[in-house]
Amino acid sequence: MSFQVHGKDLLGRIGTIKTKSGAFATPHMFPVLDPHHRILGREFFDRVGIHAVMTNAYLLKRGRQGLDPVDIHETLDYPGTVATDSGAYQILEYGHVGVAPEEIVGYQEKINTDIGVILDVPTGFRSDPSRARWTVDETVRRADRALEVITRRDIMWIGPVQGGVHLKEVERSAREMAERDFAIYALGSPTELMETQRYEVLVDMIVAAKKALPKGKPFHLFGAGHPVLFPFLVALGCDLFDSAAYALYARAGRYLTPEGTQLLGDMVEFVCICPACVGSSPEEFMWSQEKEGETRLVQHNLWTCFSELRRIREAIRKGRLWELLELRSQAHPALKECFNRITHYAEILERSTPAVKPHGIFYLGPSSDSRPEKLRFVSRLPGSVGERRNIVLVLPGRWRRPFHEDPRYESVAKAFDDHPKVSICFYSLTWGPVPIELDETFPIAQTEDPDTGDPIVLRGRAKTVSEFLQTLHPKGVILVSDGPFGRAVKAELSKRFTKRSLTVLNGDLLNPDAIVKSVERKLVRNA
Ligand SMILES: [Zn+2]
């Protein structure tokens, strides 16, 4: 039994969980199977690469009353990792379950589960603060009772965090559970938030729980099964999900895509060409005999979930999880809000993002300003200019990186690079001011970004350039203005520097030699 992490980006990570029945890659979604109604066989799971599933121990026990417990792998005809839920969700639905917390732990041991859950008390969505407090306390009491009666240490036990939408309770619950030794920690009852698209609250809840839990243990989010949310949830540090949504949605003719749900009846052709969809049509699915269409829709929905999980793992490997969030946040206004909420926690994300990545990053506009690489750059800026010099030469940072190697201004940068009286600073639409000292640091020189922006963006960025230059207290500033952004920088510098101290050279008209000569003349005059 172990959890190994192989790669990280934001709070997301790729890992491997090993149980007594095998290993599987994370992030992972356990497809929740109905033990009494099996739709898919193990060949299908193998083909998709699904190596861990989940079922409900409580429903199984209730359905087999009077019968001896049987190994769950046998019941499901599934040799890989089987996780079992305790029935907590049924408490949420029906208010109570006719089984004692100790009994359900014992039952999970008898059926030889690989990953088990103690019987917690879900807070739910509508609990008031006092009810939320009680569910947290009661879950802790039950955790202690469960830990006393657990005999099988070869099972990975999940410690559920409760508290619902009451963030203080979530944090308190996480702190309490963190003191108890569970192999996996989980956050309970967010299903209704996901169904009603209140993603901002969900983001807050996950952050509140994660803050207090041990970092080296996997983190599970109960009931998350829609691929649109996976990138966001993984970016916040969720390693595991479980859901029956793939099957429930199929029953209602709902077709999952990474951008949202579509109704079969509204579709003319499939956008996906997974083995379930290829060569078929929505109409064929709808009018097929003997539930064939529904089964294929179930299969498609799972292909889609696991394809998205692969995409996320690839994004983490390449250090491009942020780019995936930006892309997915465009799919629906509610996802945009979810993304915006995540940016509130940019500093937390920054702390767990690698300092250097295997690939450069994409800057896609103001939405990229909260990404960890940008935050780090901004925090390094104040101490970046080693020695204060009299004159700052401000050059365009545009076409080629590193900026000082841009053929258009290379000779200008070279002419003054070691000049005792001159500091060089570039102005970049992505980064704002870039002192030559930072020009070659990651990821300034490895960023792909657009060269234009709307006037408001240009003005805002020009202001950051001007503010930074002011902190250097130079005697003079020589700006080489180039293009619309250069003109915006000129306008902002004019507000902060006197006419005497600011010299503007028109980079659109002058060639590099002429610029070098003008700067030299200026230096002589200043001497
Ligand atoms: Zn498909």
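Placed above this text is the structure.
Rules used throughout
- Residues numbered from 1 in each chain as written.
- Predicted model: local features only at pLDDT ≥ 70, side-chain atom pairs only at ≥ 80, totals over all residues.
- Heavy atoms only, no water.
- Pairing = 2+ DSSP bridges.
- Helix = DSSP H or I, 4+ residues; strand = E, 2+ residues; numbered from the N terminus.
- Axes fitted to C-alpha atoms, helices over the stretch in contact; angles between N-to-C directions.
- Contact = heavy atoms within 4.5 Å.
- Donors = N, O, S within 2.8 Å, 3.2 Å for Na, K, Ca; no water.
- Tetrahedral: all angles 85-135°; square planar, octahedral: opposite > 155°, others 65-115°.
- Buried < 20%, exposed > 50% of the residue type's maximum accessible area, 1.4 Å probe, protein only.
- Polar contact = N/O pair within 3.5 Å; in protein donor to acceptor, adjacent residues only side chain to side chain.
- Parallel < 35°, antiparallel > 145°, perpendicular 65-115°, else oblique.
- Left-handed = near helix turned anticlockwise from the far one by under 90°.
- Nonpolar A, V, L, I, M, F, W, Y, C, P; charged D, E, K, R; others polar.
- Right-handed = clockwise from strand over helix to strand, strands pointing away.

A. View of the sheet that holds strand β10 (residues 219–221). With respect to topology, eight strands assemble into a closed barrel ordered β4-β5-β6-β7-β8-β9-β10-β11, the strand pairing being parallel. Neighbour-to-neighbour, the strand axes of the sheet open up by a mean angle of 25 degrees, direction not taken into account. Two strands pair when backbone bridges link them, and strand β4 (residues 28–33) and strand β11 (residues 240–243) are joined in this way by four bridges, in the parallel orientation. Within β11, the residue paired with Met29 across the bridge is Phe241. Across the sheet, helix α9 (residues 199–212) touches β8 (156–161), β9 (184–187) and β10, and the angle it forms with β10 is around 155 degrees. Its contacts with the sheet put helix α13 (residues 292–318) on β4 and β11, and the angle it makes with β4 is roughly 160 degrees.

B. Structural view of the coordination of the zinc ion. The coordination sphere of the zinc ion, as far as protein atoms go, consists of Cys272 (SG), Cys274 (SG), Cys277 (SG) and His300 (ND1), spread over 2.1 to 2.4 Å. One way to put it: the four donor atoms around the zinc ion meet at angles of 94 to 126 degrees, and that makes the site tetrahedral. All donor residues of the zinc ion come from one chain, and their arrangement in sequence is C-x1-C-x2-C-x22-H. With Cys274 in the loop between β13 (260–263) and α12 (282–286) and His300 in helix α13, the pair connects residues that are 26 residues apart, well separated along the chain. The buried category is assigned to Cys274, whose relative accessible area is 9%.

C. Looking closely at the environment of Arg401. With respect to the helices and strands, the residue Arg401 is situated in the loop between β14 (391–396) and α18 (410–416). Excluding residues within four positions of it along the chain, Arg401 makes contact with Ile444, Ala445, Thr447 and Asp449. A polar side-chain atom of Arg401 sits 3.4 Å from the main-chain carbonyl oxygen of Thr447. Separated by 2.5 Å, the side chains of Arg401 and Asp449 make a polar contact.

D. Up close: the packing of helix α19 (residues 455–471) against helix α20 (residues 483–496). Two elements in contact, α19 and α20, have axes separated by 8 Å at closest approach and are oriented at 45 degrees. With respect to each other, α19 and α20 are oriented oblique. For α19 against α20, the interelement crossing comes out right-handed. Between α19 and α20, the residues in contact are Leu458, Arg459, Arg461, Ala462, Lys463, Val465, Ser466, Glu467, Leu469 and Gln470 and Pro484, Phe485, Ala488, Val489, Glu492, Leu493 and Arg496, respectively. Broken down by class, the residue content of the contact of α19 with α20 amounts to nine nonpolar, two polar and six charged.

E. Quick look at the pairing of β9. Here β9 shows two buried faces, one formed by Ile184 and Ala186 and the other by Tyr185 and Leu187. Of the crossover connections in this fold, the one passing from β8 over helix α7 (residues 167–178) to the parallel β9 is right-handed. Across three bridges, the pairing between β9 and β10 is parallel. Along β10, the bridge assignment pairs Ala186 with His220.

F. Structural view of the side chain of Glu323. Looking at the secondary structure, you find Glu323 in helix α14 (residues 321–329). A distance of 2.8 Å separates a polar side-chain atom of Glu323 from the backbone nitrogen of Phe362. Residues contacting Glu323, with those up to four places away along its chain left out, are Ile361, Phe362 and Arg371.

G. Region of interest: the pairing of β13. Inspection of the sheet shows strand β12 (residues 254–257) paired to β13 by four bridges, in the antiparallel sense. When the sheet's bridge partners are listed, Arg254 is paired in β13 with Leu263. Remark: two residues form the turn of the hairpin made by β12 and β13, two consecutive strands paired antiparallel.

H. Representation of unusual backbone geometry within the structure. Cis rather than trans, the peptide bond between Arg401 and Pro402 has omega equal to -10 degrees. Looking at the element boundaries, Pro402 is found in the loop between β14 and α18. For Asn112, which is not a glycine, the phi torsion comes out positive at approximately 65 degrees. Here Asn112 shows up in the loop between α5 (101–110) and β7 (115–117). Phi is positive for Gln197, which is not a glycine, with a value near 60 degrees. Checked against the element boundaries, Gln197 lands in the loop between α8 (191–195) and α9. Judged by relative accessible area, which is 37%, Gln197 ranks as partly exposed.

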